[in-house]
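What follows is each chain in one-letter form.
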Amino acid sequence: MSATLPVILRGARDGGRRAVGYLRAVMGADAYDRYCAHLAARHPDAEPMTEREFWREHMDWQDKNPQGRCC
């Protein structure tokens, strides 16, 4: 029985990580990470914006181009 406990805990940990990843994607919190990955893959010579600059530009773009969102 004690051998199954680590398996259960690993499953719970992995499930929790997947849930957090899903929620980050739904909320858009992973946008900067996706931006950096895209920039590295498609534009390797370009210098990425800082995270602060990215979010400022992202929010400005959303304000200028309203789409269906709650707030």
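Residues numbered from 1 in each chain as written. Predicted model: local features only at pLDDT ≥ 70, side-chain atom pairs only at ≥ 80, totals over all residues. Heavy atoms only, no water.

Colleague: So what exactly am I meant to see when it comes to the overall build of the protein chain here?
Modeller: The number of helices and strands found in the protein chain is 3 helices and 0 strands. Along its sequence from the N terminus, the protein chain presents helices and strands in the succession α-α-α. Its C-alpha atoms give the protein chain a radius of gyration of 18 Å, clearly above 11 Å, the size a compact globule of 71 residues would have. A principal-axis box enclosing the C-alpha atoms of the protein chain has dimensions of 60 × 35 × 20 Å. Counting the 71 residues in the protein chain, one finds 10% classified as buried. One way to put it: in the protein chain the 11 positive side-chain charges average out to a point 9 Å from where the 10 negative ones average out. (Helix = DSSP H or I, 4+ residues; strand = E, 2+ residues; numbered from the N terminus. Rg over C-alpha atoms; globule rule 2.2 N^0.38 Å. Buried < 20%, exposed > 50% of the residue type's maximum accessible area, 1.4 Å probe, protein only. Lys, Arg positive; Asp, Glu negative; His and termini not counted. Charge placed at Lys NZ, Arg CZ, Asp CG, Glu CD.)

Colleague: Can you walk me through the environment of R56 in this structure?
Modeller: Here R56 shows up in helix α3 (residues 51-64). C-alpha separation for the pair R56 and A12, spaced 44 residues apart in sequence, amounts to 36 Å.

Colleague: Looking at this model, I keep getting lost on the packing of helix α2 (residues 31-42) against α3. Mind explaining?
Modeller: Between two packed helices, both the angle of their axes relative to each other and the distance between the axes serve to describe the pair. The geometry of α2 relative to α3 is characterised by a closest axis approach of 10 Å and an angle of 105° between their N-to-C directions. Considered as vectors, α2 and α3 are oriented roughly perpendicular to each other. Residues A31, Y32 and Y35 of α2 pack against E51, F54 and W55 of α3. Within the contact of α2 with α3, the residues separate by chemical class into 5 nonpolar, no polar and 1 charged. (Axes fitted to C-alpha atoms, helices over the stretch in contact; angles between N-to-C directions. Parallel < 35°, antiparallel > 145°, perpendicular 65-115°, else oblique. Contact = heavy atoms within 4.5 Å. Nonpolar A, V, L, I, M, F, W, Y, C, P; charged D, E, K, R; others polar.)

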